[in-house]
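Descriptive analysis of the structure
Single-letter residue listing:
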Amino acid sequence: MKDILAELEARRAVARAGGGARRVAAQHAKGKLTARERLELLLDEGSFEEFDMFVAHRCTDFGMEADRPAGDGVVTGWGTINGRQVYVFSQDFTVMGGSVSETHGAKICKIMDMALQNGAPVIGLNDSGGARIQEGVASLAAYGEVFQRNIMASGVVPQISLIMGPCAGGAVYSPAMTDFIFMVKDSSYMFVTGPDVAKTVTNEVVTAEELGGAGTHTRKSSVADGAFENDVEALAEVRRFVDFLPLSNREKPPVRPFHDDPARIEESLDTLVPDNPNQPYDMKELILKVADEGDFFEIQREFAGNIVTGFIRLEGSTVGVVANQPMVLAGCLDIDASRKAARFVRFCDAFDIPLLTFVDVPGFLPGTAQEYGGIIKHGAKLLYAYGEATVPKVTVITRKAYGGAYVVMASKHLRGDFSYAWPTAEIAVMGAKGAVEILYRAEQGDNGKIAQRTKEYEDRFANPFVAAEKGVIDEVIMPRATRRRVCRAFASLRGKKTAAPWKKHDNIPL
Ligand code: HXC
């Protein structure tokens, strides 16, 4: 008996050693942690339950039968984050470069199936040289099985990808189908084809970092939702992030203890909007002042800064925030902002996370770049996402809400539950200057008359009261009381239920 116990311990020790001391040292030398070190930081201490530690590949080509490392380059199982269950896989670059074999893929599929069955998120720590070259199509098939599970799990359990090393070729499409992708700066990259192929085909000379590093994907492509300085920070932030999410679509988002008065008054908000309507201000200040304890987890901070998306808590419950940002492009909606916010809204709706929208939007960004790029279709994504969302929706218009953009930004007309306006709100088809140019074309050149017309228009429309008279906003509120009003609004919507006509699925303008 003793011998058997000793053998188990010995086998475990071998499996835990991964690719051996030399390769572990090489991993550390790149500033990267090993697969197991990462899981230790991600999960609550002592909570990790491993599956398939002894699984080995079945390949017999290229002399592979002589090299069958236990675990086959991926550590899988489940554990907890602040006491809440998550399923995890962590690719081990020290074992055949973390490459994906038939059995490596099957291990990932096993935990995805369990996550779906038991209703808990899947967190993938990606660090892999891609398809195991020696296994050929068996490896591609393994990827295909993972992809299909990503699709089946979408909208059922949250899926989070952390890219902590190479992720190239078709392998990128598994993270691409998860809900959120976070990257580690300088040590991770993602691309469909690498720098060498780019050079051959397009004659471009580009480094891996330039082509697919964290900077590229958080600022240019928007493939990634955030980037962190190193493995330790990335794993700590994912822990923080998971705290905001429900475990599945069968559960409500978590309610945490909070130490912030829901009725807290913020007098400084009364002067947040400048007197000059063309002067920007920082919408993030409003978000931070409304949130419990000023805690805000921002999504896609580096991309499309004209719209801000992320998670806060109100009375301890998670709320998704979407806000126009007057500091960037005057808060206009453009292609990037529409796509960014639409995806965020759909995630929140899929997982029953209420939506809070702060509006200061002068309209859609004009120009050929936008029209040729399909702003019609991309803007429709946001409109559609808001309109289909059935979660509680509370909107606060702080300043401009002009034209089509007014309707798009979670207006009452898109089944918004509460629409509040600050006294500084201006809800109209367009701003005074543009309106007067069209309505009084004949008087252009007569500066006195135009000034008078502009004043008339401003007096009539540069306020929230016309909209309040018509009931398209529910109430004009004091800026300082925004947190209290919004908390009460969401509290009143906790029992919200809606009905929808039967359909197989919708056809959002992709
Ligand atoms: C088998 C692999 C491997 C792979 C790396 N290794 N990639 N083994 N299949 N795909 C092994 C190496 O042989 C080496 O083994 C160890 O992992 C570390 O690799 P190094 O090259 O020494 O490391 P490094 O210099 O850091 O370079 C990492 C790398 C490079 C850039 C990822 O290994 C590389 O280019 N690998 C091939 C990438 C690739 O073309 N993959 C297929 C992509 S297509 P030893 O024993 O020396 O430690 C794809 C399609 C997916 O993935 C399709 C889905 C539908």
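Since the model is a prediction, treat every value here as computed from it, not as a measurement.

Conventions we followed
Residues numbered from 1 in each chain as written. Predicted model: local features only at pLDDT ≥ 70, side-chain atom pairs only at ≥ 80, totals over all residues. Heavy atoms only, no water. Helix = DSSP H or I, 4+ residues; strand = E, 2+ residues; numbered from the N terminus. Rg over C-alpha atoms; globule rule 2.2 N^0.38 Å. Buried < 20%, exposed > 50% of the residue type's maximum accessible area, 1.4 Å probe, protein only. Contact = heavy atoms within 4.5 Å. Areas by Shrake-Rupley, 256 points an atom, 1.4 Å probe, with all protein chains shown as cover. Lys, Arg positive; Asp, Glu negative; His and termini not counted. Charge placed at Lys NZ, Arg CZ, Asp CG, Glu CD. Near = heavy atom within 4 Å. Polar contact = N/O pair within 3.5 Å; in protein donor to acceptor, adjacent residues only side chain to side chain. Salt bridge = Lys/Arg side-chain N within 4 Å of Asp/Glu carboxyl O. Axes fitted to C-alpha atoms, helices over the stretch in contact; angles between N-to-C directions. Parallel < 35°, antiparallel > 145°, perpendicular 65-115°, else oblique. Left-handed = near helix turned anticlockwise from the far one by under 90°. Nonpolar A, V, L, I, M, F, W, Y, C, P; charged D, E, K, R; others polar. Pairing = 2+ DSSP bridges. Right-handed = clockwise from strand over helix to strand, strands pointing away. Expected span 1.5 Å × (residues − 1). Arc of directions from axis to C-beta.

**Quick look at the overall build of the protein chain**
A count of helices and strands for the protein chain gives 19 helices and 17 strands. Relative to the compact-globule value of 24 Å for 510 residues, the protein chain shows a C-alpha radius of gyration of 26 Å, a close match. With the C-alpha coordinates of the protein chain rotated into their principal frame, the extents come out at 95 × 55 × 45 Å. The burial tally for the protein chain puts 52% of its 510 residues in the buried class. If you take every contact in the protein chain between residues at least 6 apart in sequence, the share linking residues at least 24 apart comes to 73%. For the protein chain, the accessible area works out to roughly 23,200 Å², and carbon and sulfur atoms hold 55% of it. Within the protein chain, the 66 negative side-chain charges are centred at a point lying 3 Å from the centre of the 59 positive side-chain charges.

**Examining the site of the ligand**
The local shell around the ligand holds 20 residues, among which Arg-23, Gly-97, Gly-129, Ala-131 and Ile-133 are the closest. Note that an oxygen atom of the ligand is positioned 3.2 Å from one of the side-chain N or O atoms of Lys-30. Here a nitrogen atom of the ligand and a backbone polar atom of Ile-133 are 3.1 Å apart. Bound to the protein, the ligand loses 54% of the 1,000 Å² it would expose on its own.

**Here's the deal with the pattern of salt bridges**
As enumerated under the stated definition, the model contains 37 salt bridges in all. The closest approach of N and O atoms between Arg-264 and Asp-260, which form a salt bridge, is 2.7 Å. Taken individually, Arg-264 and Asp-260 each receive the classification buried, so the pair is uniform in this respect. Across the salt bridge formed by Glu-266 and Arg-264, the nearest N and O atoms sit 2.7 Å from each other. For the pair Glu-266 and Arg-264, one class covers both residues: buried.

**Describing the packing of helix H4 (residues 102-118) against helix H5 (residues 137-153)**
Contact geometry for H4 and H5: axes closest at 8 Å, N-to-C directions at 15 degrees. In this view, H4 runs roughly parallel relative to H5, as classed from their interaxial angle. As for how H4 packs across H5, the hand of that crossing is left-handed. Residue-level inspection shows Glu-102, Gly-105, Ile-108, Cys-109, Met-112, Asp-113 and Leu-116 of H4 in contact with H5, the latter providing Ala-138, Ala-142, Glu-145, Val-146, Arg-149, Asn-150, Met-152 and Ala-153. For the contact of H4 with H5, the per-class residue count stands at nine nonpolar, two polar and four charged.

**Things to note about the sheet that holds strand E4 (residues 122-126)**
Strands sit in the order E1-E2-E3-E4-E5-E7-E9 across an open sheet of seven strands; the sheet is mixed. Strands at the two margins of the open sheet, each flanked by one partner only, are strand E1 (49-51) and strand E9 (226-228). The mean inter-strand angle of the sheet, taken between neighbouring strand axes irrespective of direction, is 20 degrees. Alignment of strand E7 (residues 180-184) against E9, held across three bridges, turns out to be parallel. The partner of Val-184 across the bridge, within E9, is Phe-228.

**Re the environment of Ser-317**
Summarising the element assignment, Ser-317 is placed in strand E12 (residues 317-324). Judged by its relative accessible area of 19%, Ser-317 is buried. It is 9.7 Å that separates the C-alpha atoms of Ser-317 and Phe-490, two residues lying 173 residues apart in sequence. Beyond its immediate sequence surroundings of up to four residues, Ser-317 is in contact with Pro-254, Val-255 and Ile-312.

**Some words on the pairing of strand E13 (residues 355-361)**
Burial runs high along E13: seven of the seven residues are buried. Residues Leu-355, Thr-357, Val-359 and Val-361 line one face of E13 and the alternating positions Leu-356, Phe-358 and Asp-360 line the opposite face, and both faces are buried. Pairing of E12 with E13 involves four bridges; the strand directions are parallel. Directly across from Val-321, in E13, lies its bridge partner Leu-356. Regarding topology, helix H12 (residues 335-350) serves as the crossover connection from E12 to the parallel E13, and that connection is right-handed. With six bridges joining them, E13 and strand E14 (residues 393-402) adopt parallel strand pairing. Its bridge partner lying in E14, Val-361 is registered against Ala-401.

**With respect to the packing of H12 against helix H14 (residues 375-388)**
Between H12 and H14, the shortest axis-to-axis distance is 8 Å and the interhelical angle comes to 25 degrees. When the axis of H12 is compared with that of H14, the two are roughly parallel. Like other packed secondary-structure pairs, H12 and H14 cross with a definite hand, here left-handed. Contacts between H12 and H14 involve Ile-335, Ser-338, Arg-339, Ala-341, Ala-342, Val-345, Arg-346 and Asp-349 on the former and, on the latter, Ile-375, His-378, Gly-379, Lys-381, Leu-382, Ala-385, Tyr-386 and Glu-388.

**Let's talk about unusual backbone geometry**
A positive phi angle is found at Gln-300, which is not glycine, with a value near 55 degrees. Along the chain, Gln-300 falls in the loop between strand E10 (297-299) and strand E11 (307-314). Overall, the relative accessible area of 9% leaves Gln-300 in the buried class.

**Digging into helix H10 (residues 231-242)**
Compared with the 16 Å implied by 1.5 Å per residue over twelve residues, the 16 Å span of H10 between its first and last C-alpha is a close match. Every buried residue of H10 is accounted for by Asp-231, Ala-234, Leu-235, Val-238, Arg-239, Phe-241 and Val-242. The buried residues of H10 occupy an angular sector of 165 degrees when projected down its axis, which confines them to one face. Measuring from the side-chain oxygen of the N-cap residue of H10 to the backbone nitrogen of Val-232 gives 3.2 Å; that N-cap residue is Asn-230.

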